[in-house]
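# Residue-level structural notes
Residue strings, one per chain:
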Amino acid sequence: MKFLTTILLFFLCLPALAYPSSSENAGKKMVVVPGGNYYSFLVTNSNKPIPVAAFLMDETAVTNAEFLEFVKANPSWQRSKVNRLFADANYLKQWAGDLDLGKDRQKLGNTPVVNVSWFAAEAYAKWKGKRLPTVAEWELAGAGTPDKLKKNMSLTDYILDWYNRPNAQQLPATKTTYRNEYGLYDMHGLIWEWTFNFNSFISKGDSRATTEDEKKLFCAAGAMSVKDRKNYAAFLRFSYRGSLKGSYCIANLGFRCAKSIK
Amino acid sequence: MKNILLLASIALLLGSCSDTNKNTDKKPDATSVVQAQTALPEASIFNITDTFTNQHKVPLQLTSLRGKPAVVGMIFSHCGYACPRLTADMKIIHDKLGPKAKEVNFLLVSFDVARDTPARLEAYAKETELTPDWILLHGNEQAVRTLSVLLNVQYEKDADGNFSHSNTISVLDKDGVLAYQKEGLEADHTETIGTIEKMIP
């Protein structure tokens, strides 16, 4: 009797969760990214690498079609209903309407969803029973060796070449750039991606005033770019992340989810 | 029989739910009456629904702080340099407000979700001689990160479990809308205090 009551209570309590969990978790392939030590090129108080445990990551960025399912299930994230605190006016502007991808829906469906805020990405990940990767996780995953790159470029050359090019008018579909050794697609070359702690402190801590920090950051960055082009690419990503606010919706910024291995 | 069981479960469920609610509202400065009156403004930071826990181990949603302006700082209690100063800066603001300080919520939220348990925060409040009206909050990683994003506070945990972070004092109006921010330590608080005083009737 007690047991039955407990079970009933459990099911009755389920709807109380903020986001109903999706039943389609099986739909998106996740791959294992081995753990390792993450060496930030930025100076921290301890100067020690950050240990990262092995984790799961979506093999591709979340697509417009996938995000549409989320918005359907969570009306408060529809374009016309979303709170401006959590997503700016560019939110999902590539769509024709709240639940309409427009006449190019077939094509758009398979491209990475962009113009999504950090809050929206967080909410999506939570709905999927996943989370956003940390900066350390993302950088480790992104450093994975490509299977093959055009013109046999090195990954660093490939990244810098991509950073140099203007955004494509229409984003290509996922899986159109390269796959890396972990089985992840398009880590570089398609879009920029949100990370859980994108607002990490980007300079040595405990300084008195932010202006002082910015100066330090600038000096370090100048020196770094001359020494090591690989770090320069990472620095560009750090600067990009540092310039973001959680509500920003940008035409080349999307996300993919991660999950801890229990 | 099945029906009775179901009814009993629902009754139990409702019972347990209302108990939880009571606990949440049982704070000295509960403003549930105000809450019931109008919806939160869109820009209110109190729109986040995560549950935090205060230094007295009482669960709390930010919306329950509605009704008073709030001064908010983000810190970690093991911090050797900046955080004691940030706390000291907030104490200066508290003291300069004099008796009016009781019309304002003073909030310290910790980045250090692992070490800054409610008990540790209570000890920190004693160490730093904070008066009982201060609210020190512990939250899960996601809740604290979300708040930091809304307050434009940057922080990062290093390999030793300490944090690099920006130092910002935020002033929220009585509906939780960000009204003013001061960056840096040992800054001039005149404008911060002026902003708060304008919010107090």
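Residues numbered from 1 in each chain as written. Chains lettered and ligands numbered in written order. Predicted model: local features only at pLDDT ≥ 70, side-chain atom pairs only at ≥ 80, totals over all residues.

### Structural notes on the overall build of chain B
Secondary structure summary: chain B contains six helices and nine strands in total. Considering chain B as a whole, with its 201 residues, one finds that 38% of them fall into the buried category. A separation threshold of at least 6 residues defines the contact pool for chain B, and within that pool the share at least 24 residues apart is 68%. (Helix = DSSP H or I, 4+ residues; strand = E, 2+ residues; numbered from the N terminus. Buried ≥ 20, exposed ≤ 12 C-beta atoms within 10 Å, placed from the backbone. Contact = placed C-beta atoms within 7 Å.)

### Some points on the overall build of chain A
The number of helices and strands found in chain A is eight helices and seven strands. Taken over 262 residues, chain A has a buried fraction of 37%. A separation of at least 24 residues holds for 78% of the contacts in chain A among residues at least 6 apart in sequence.

### Brief notes about the sheet that holds strand S4 (residues 55–58) of chain A
Residues and elements named next belong to chain A. Pairing within the open sheet is antiparallel, and its three strands lie in the order S1-S4-S7. Every other strand in the sheet has two partners, leaving strand S1 (30–33) and strand S7 (258–260) as the edge strands with one partner each. Averaged over all pairs of adjacent strands, the angle between strand axes in this sheet comes to 30°, irrespective of strand direction. Pairing of S4 with S7 involves three bridges; the strand directions are antiparallel. By the bridge assignment for S7, phenylalanine 55 is matched with serine 260. (Pairing = 2+ DSSP bridges. Axes fitted to C-alpha atoms, helices over the stretch in contact; angles between N-to-C directions.)

### Overview of the pairing of strand S1 (residues 51–54) of chain B
Residues and elements named next belong to chain B. Alignment of S1 against strand S2 (residues 59–61), held across three bridges, turns out to be antiparallel. Bridged to threonine 51 within S2 is glutamine 61. Relative to strand S5 (residues 134–138), S1 runs antiparallel, the two being bridged by two bridges. For threonine 53, the partnering residue across the bridge sits in S5 and is histidine 138.

### Describing helix H6 (residues 155–164) of chain A
Turning to H6(A), its buried residues number three or more, namely A:Leu155, A:Tyr158 and A:Ile159. In a view along the axis of H6(A), the buried residues occupy a sector of 95°, so they form one face of it. (Arc of directions from axis to C-beta.)

### Remarks on the packing of helix H3 (residues 82–97) of chain B against helix H6 (residues 190–199) of chain B
Residue and element names in this part refer to chain B. Look at H3 against H6: their axes get within 10 Å of each other, and the N-to-C directions meet at 50°. The angle between H3 and H6 places the two elements in the oblique class. When you trace H3 past H6, the crossing you get is right-handed. On H6, the residues touching Ile93, Lys96 and Leu97 of H3 are Thr192, Ile193 and Ile196. Of the residues belonging to the contact of H3 with H6, the class tally is four nonpolar, one polar and one charged. (Parallel < 35°, antiparallel > 145°, perpendicular 65-115°, else oblique. Left-handed = near helix turned anticlockwise from the far one by under 90°. Nonpolar A, V, L, I, M, F, W, Y, C, P; charged D, E, K, R; others polar.)

### What about the nonpolar core?
The biggest cluster of nonpolar side chains holds 95 residues, and the ones touching the most others in it are A:Ala120, A:Ala121, A:Tyr124, B:Val71 and B:Leu107. In this structure, A:Tyr158, A:Ile159, A:Ala233 and A:Ala234 belong to the second largest nonpolar core, which totals seven residues. (Core = buried A, V, L, I, M, F, W, Y, C linked by C-beta atoms within 7 Å.)

### Some points on unusual backbone geometry
For A:Leu92, which is not a glycine, the phi torsion comes out positive at approximately 50°. One non-glycine residue, A:Asn115, lies in the positive phi region at around 55°.

### Some remarks on the pairing of strand S8 (residues 168–172) of chain B
Every regular strand shows the same layout, with side chains that alternate between the two sheet faces. Residue and element names in this part refer to chain B. Most of S8 sits inside the fold, with four of its five residues counted as buried. Pairing of strand S3 (residues 70–75) with S8, which is carried by four bridges, proceeds in the antiparallel orientation. Looking across to S8, one finds that valine 72 is bridged to serine 170. Where S8 lies against strand S9 (residues 178–183), five bridges are found, and the strand directions are antiparallel. Looking across to S9, one finds that threonine 168 is bridged to glutamate 183. A loop of five residues connects S8 with S9, the two strands running antiparallel in sequence, and glycine 176 in this loop sits at a positive phi of about 85°.

### Side note on the environment of A:Thr195
By the secondary structure assignment, A:Thr195 is in the loop between strand S5 (192–193) and helix H7 (210–227). Taking the C-alpha atoms as reference points, A:Thr195 and A:Pro51, 144 residues apart in sequence, are found 17 Å from one another.

### Let's talk about the environment of B:Leu62
All names here are of chain B. Here leucine 62 is to be found in the loop between S2 and S3. Look at leucine 62 and you get buried, because 27 C-beta atoms sit within 10 Å. A C-alpha to C-alpha distance of 19 Å links leucine 62 and glutamate 122, two positions 60 residues apart in sequence. Apart from residues no more than four positions distant in its own chain, leucine 62 is found in contact with Ile45, Phe46, Ile48 and Gly176.

### Notes on the sheet that holds S5(B)
Residues and elements named next belong to chain B. Pairing is mixed across the open sheet formed by seven strands, whose spatial order is S2-S1-S5-S4-S3-S8-S9. Lying at the two open borders of the sheet, with one neighbouring strand each, are S2 and S9. On average, each strand axis in the sheet is tilted by 30° relative to the strand beside it, whichever way the strands run. Across four bridges, the pairing between strand S4 (residues 105–110) and S5 is parallel. Paired with leucine 107 across the two strands is isoleucine 135, which belongs to S5.

### What about the environment of B:Ile45?
Residue and element names in this part refer to chain B. As for its position among the elements, isoleucine 45 is in the loop between helix H2 (32–37) and S1. Remark: the alpha-carbon pair of isoleucine 45 and leucine 151, spanning 106 residues in sequence, is separated by 8.4 Å. Apart from residues no more than four positions distant in its own chain, isoleucine 45 is found in contact with Leu62, Leu150, Leu172, Gly176 and Leu178.

### So, the confidence of the model for chain A
Residue and element names in this part refer to chain A. Looking at chain A, pLDDT values average 83 and 77% of them are 70 or higher. The model gives residues 8–25 a pLDDT under 50, and that stretch makes 22 contacts with residues more than four places away or in other chains. Contacts from residues 204–227, a stretch scored under 50 in pLDDT, to residues over four places away or in other chains number 29 contacts. (pLDDT = per-residue confidence, 0-100.)

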